[in-house]
Amino acid sequence: MAEKLLETKNLKQYFNEGKENEVRAVDDISFDIYKGETLGLVGESGCGKSTTGRTIIRLYDATDGKVIYDGVNVHDKKSKKDLKIFNRKMQMIFQDPYASLNPRMKVLDIIAEGLDIHGLVKNQTERKARVIELLETVGLNKEHAERYPHEFSGGQRQRLGIARALAVDPEFIIADEPISALDVSIQAQVVNLLKELQEEKGLTYLFIAHDLSMVKYISDRIGVMYFGKLVELAPAEELYSNPLHPYTQSLLSAIPLPDPNYERTRVRKSYDPSSHKYTDGEEIAMREVTPGHFVFCSEKEFKELKAISQSRI
């Protein structure tokens, strides 16, 4: 059995809570992440993916629910010392490689910031050597240390963001749409780099994205979000070959393939939430339809999906 590293229990993140314009960005979701795996989190823009990642890492205080990392609730009150230990274990790669780097700081100081805060180097010589080592790890070179962010391309800046996240030797990295602002050819390079680093350092990832084809390539399991809810969670291959929730089916039907014959006949499925026809008081919850494959559904839908899955065996 794989060891559980992170567990979210009934996590909620509401903005303007109790007001007319309340936004339920993350609405009562639960999932686990195991050591050494990559959990992909997908969904359309505004579904709550990034807010989930930011709440897990405490950039937002959770409205309700728990985030348990290595047996400790992340959102409990912590001393400065405990927070430092937690911040070393968990790091984030941000979506925008242009906005996430301080334009007034040299690359050397941007990457070394974590080293300085956590006291991981003894002197300036060791500090510079560690930064150069990190730059080389992400495919850059020592000359880049003395430059400013504006002197780099988008792909190079994202590599700097990865180097900064790696500086404190974390166990768990939240990659918040790390490739969405990059050209397609550069996207593949960054994803391959993340996979290599995972193998070398035994990292665990929460990989947030809306590009379903790329998520399949990097993820072990995939969770699908819709309007703050987690609607399906399954192993990557299983999700793509046997999507059960109609929203997941809709997302997958939108993926284009480089095949003219397929594209001529491809039928886009649209998702209509009202098609579920739930009654008042009916319990809608994540249910395990097949081993490891969870769907957000009613008891009636669960029985129907179970029957469909058994008929495919």
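Before reading on, note that the structure itself is shown above.
Attention here is on the structure that accompanies the text. Source: prediction; values computed, not measured. (Residues numbered from 1 in each chain as written. Predicted model: local features only at pLDDT ≥ 70, side-chain atom pairs only at ≥ 80, totals over all residues. Heavy atoms only, no water.)

### Re unusual backbone geometry
Going by this rule: Helical segments are the DSSP runs of H or I of at least four residues, strand segments are the runs of E of at least two, and each set is numbered from the N terminus.
You will see that N16, though not glycine, has its phi angle at about 55°, which is positive. Counting through the fold element by element, N16 comes out in the loop between β1 (4-15) and β2 (23-34). For F227, which is not glycine, the phi dihedral falls at a positive 50°. Among the secondary structure elements, F227 is positioned in the loop between β9 (221-226) and β10 (229-235).

### Brief notes about the nonpolar core
What counts, and what does not: To qualify as a nonpolar core, a set must consist of buried Ala, Val, Leu, Ile, Met, Phe, Trp, Tyr and Cys residues joined through side-chain atoms within 4.5 Å. When a residue's accessible area, from a 1.4 Å probe over protein chains only, is under 20% of the maximum for its type it is buried; when over 50% it is exposed; and in between it is partly exposed. Note on definitions: a residue-residue contact is assigned when non-hydrogen atoms from the two residues lie within 4.5 Å.
Core analysis: the biggest nonpolar cluster contains 54 residues, and I111, I162 and F207 have the highest contact counts within it. Looking at this core element by element, the count peaks at 6 residues for helix α3 (residues 107-117). In contact with I111, other than residues within four places in its own chain, are V131, L134, L135, L160, A163, R164 and A167. In this structure, I57, V74, F172 and L233 belong to the second largest nonpolar core, which totals 25 residues.

### A few points about the sheet that holds strand β3 (residues 38-42)
Cut-off, in case you're wondering: Paired strands are those between which DSSP finds at least two bridges. Each axis is a line fitted through C-alpha atoms, taken for helices only over the stretch in contact, and angles between the N-to-C directions span 0 to 180 degrees.
Pairing within the open sheet is mixed, and its 8 strands lie in the order β6-β7-β8-β3-β9-β10-β12-β11. Looking at strand neighbours, the two that pair on one side only are β6 (90-93) and β11 (285-290), the edges of this open sheet. Taken pair by pair, the neighbouring strands of this sheet meet at an average axis angle of 20°, ignoring direction. When β3 meets strand β8 (residues 204-208), the two strands line up parallel, connected through 4 bridges. Note on β8: the bridge partner recorded for L39 is L206. The sheet strands contacting helix α2 (residues 80-89) are β6 and β7 (172-176), and the helix crosses β6 at an angle near 50°. Relative to β11, helix α11 (residues 299-312) is tilted by about 20°, and along the sheet it contacts β11 and β12 (293-297).

### Comments concerning the pairing of β10
With 5 of 7 residues buried, β10 is to be regarded as a mostly interior element. Pairing between β9 and β10: 6 bridges, direction antiparallel. Counted as the bridge partner of V224 is E232 from β10. Between β9 and β10, which follow one another and run antiparallel, lie 2 residues, and F227 among them has a positive phi close to 50°. By the bridge criterion, 2 bridges tie β10 to β12 in an arrangement that is antiparallel. Bridge pairing in β12 links E232 to V295.

### Focus: the pattern of salt bridges
So the rule is basically this: In what follows, salt bridge is the name for a side-chain nitrogen of Lys or Arg lying within 4 Å of a carboxyl oxygen of Asp or Glu.
Evaluation of the coordinates by the stated rule reveals 18 salt bridges. Its salt-bridge partner being D32, residue K4 comes within 3.4 Å of it at the nearest N-O pair. Linking K4 in strand β1 with D32 in strand β2, this pair joins segments that are 28 residues apart in sequence. Ionic pairing is found between R127 and D109, a salt bridge with its closest N-O pair at 3.1 Å. Linking R127 in helix α4 (residues 124-137) with D109 in helix α3, this pair joins segments that are 18 residues apart in sequence. Among the charged side chains, a network of salt bridges with common partners joins K4, E7, K9 and D32.

### Description of α3
Within α3, the full set of buried residues consists of V107, L108, I110, I111, A112, G114 and L115. Those residues of α3 hidden inside the fold are in contact with α4 and α5 (154-166). Once α3 finishes, G119 follows within two positions and takes phi at roughly 60°, a positive value.

### What to know about the packing of α4 against α5
Threshold: Should an angle fall under 35 degrees it is taken as roughly parallel, and over 145 as roughly antiparallel, whereas 65 to 115 is taken as roughly perpendicular and any remaining angle as oblique. A clockwise turn of the near helix away from the far one marks a right-handed crossing, whereas an anticlockwise turn of less than a right angle marks a left-handed crossing. Note on residue categories: nonpolar means Ala, Val, Leu, Ile, Met, Phe, Trp, Tyr, Cys or Pro, charged means Asp, Glu, Lys or Arg, and polar means any other residue, Gly included.
Across the interface, α4 lies against α5 with an axial gap of 9 Å and an inter-helix angle of 130°. Considering their axes alone, α4 and α5 lie oblique with respect to each other. For the crossing formed where α4 meets α5, the hand is right-handed. Residue-level inspection shows R130, L134, L135 and T137 of α4 in contact with α5, the latter providing L160, A163 and L166. Classifying every residue of the contact of α4 with α5 gives 5 nonpolar, 1 polar and 1 charged.

Any link to function would need more than the numbers given here.
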